[in-house]
Amino acid sequence: AAFATAAFERVLARPATNAELEASGQFLIEQERLFRENSKGAAGGTADLSDGTKPAADPVVRARENLVHALMNHNDFVTVR
């Protein structure tokens, strides 16, 4: 919850609602589970990105990266008011 709260405040410059925190928590749990399953015997999609970086190998960190990417696609981030 602390990571999701901080991510909302930094990326969207606003606090997350309770529903958003709950959804973010479930997202992080599910992503971490998927990355742990995929890391067993597979590369886990850790190929170089266009800028030469790689996604994190740690499933917890990689799930957090994905949450931040999702927030960057949030309407509150991409809409000028």
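Placed above this text is the structure.
Along each chain, residues carry numbers from 1 onward, in the same order as the chain's sequence is written. In keeping with the predicted nature of the model, local features appear solely for residues at pLDDT of at least 70, side-chain atom pairs appear and are counted solely at 80 or more, and the whole-chain, interface and lining totals rest on all residues. The side-chain figures draw on all heavy atoms in the structure; neither hydrogens nor water molecules are used.

Student: I tried to follow the packing of helix α1 (residues 2-12) against helix α3 (residues 59-72) on my own but got confused; where do I start?
Tutor: A pair of packed helices is captured by two measures, namely the crossing angle of their axes and the spacing between those axes. The axes are straight lines fitted to the C-alpha atoms, using for helices just the contacting stretch, and the angles between their N-to-C directions are given from 0 to 180°. Here a helix means four or more residues in a row that DSSP labels H or I, a strand means two or more in a row labelled E, and each is numbered from the N terminus. In contact at an axis separation of 10 Å, α1 and α3 are set at 35° when each is read in the N-to-C sense. In the packing of α1 onto α3, the handedness of the crossing is right-handed. For the pair α1 and α3, the contacting residues are Phe3, Ala4, Ala7, Phe8, Val11 and Leu12 in the first and Arg64, Leu67, Val68, Leu71 and Met72 in the second. Grouping the amino acids of the contact of α1 with α3 by side-chain chemistry returns 10 nonpolar, no polar and 1 charged. In this scheme the crossing of two helices becomes right-handed for a clockwise turn of the near helix relative to the far one and left-handed for an anticlockwise turn of less than a right angle. The contact criterion used throughout is that any non-hydrogen atoms of two residues lie within 4.5 Å. Residues are grouped as follows: nonpolar covers Ala, Val, Leu, Ile, Met, Phe, Trp, Tyr, Cys and Pro; charged covers Asp, Glu, Lys and Arg; every other residue, Gly included, is treated as polar.

Student: Mind showing me how you'd approach the environment of alanine 7 here?
Tutor: Turning to its location among the elements, alanine 7 is positioned in helix α1. Residue exposure (1.4 Å probe, protein chains only): buried if accessible area is under 20% of the type maximum, exposed if over 50%, otherwise partly exposed. Classification of alanine 7 as buried rests on a relative accessible area of 6%. When sequence neighbours within four positions are dropped, the list of residues in contact with alanine 7 reads Leu12 and Leu71.

Student: What am I meant to see in the pattern of salt bridges here?
Tutor: Oppositely charged side chains can pair when the atoms bearing their charge come close. Put simply, a salt bridge is a Lys or Arg side-chain nitrogen that is within 4 Å of an Asp or Glu carboxyl oxygen. All chains considered together, the criterion is met by 5 salt bridges. A salt bridge links glutamate 30 to arginine 33, with the nearest nitrogen and oxygen atoms 2.4 Å apart. Of the two residues, glutamate 30 and arginine 33 are both situated in helix α2 (residues 18-38); the distance of 3 residues between them amounts to about one turn of the helix. Given a relative accessible area of 36%, glutamate 30 falls into the partly exposed group. Given a relative accessible area of 35%, arginine 33 falls into the partly exposed group. Put simply, arginine 33 and glutamate 37 hold a salt bridge, and the shortest N to O gap is 2.5 Å. Linking arginine 33 with glutamate 37, this pair stays in helix α2, spanning 4 residues, or about one helical turn. The exposure class assigned to glutamate 37 is partly exposed, which follows from its relative accessible area of 42%.

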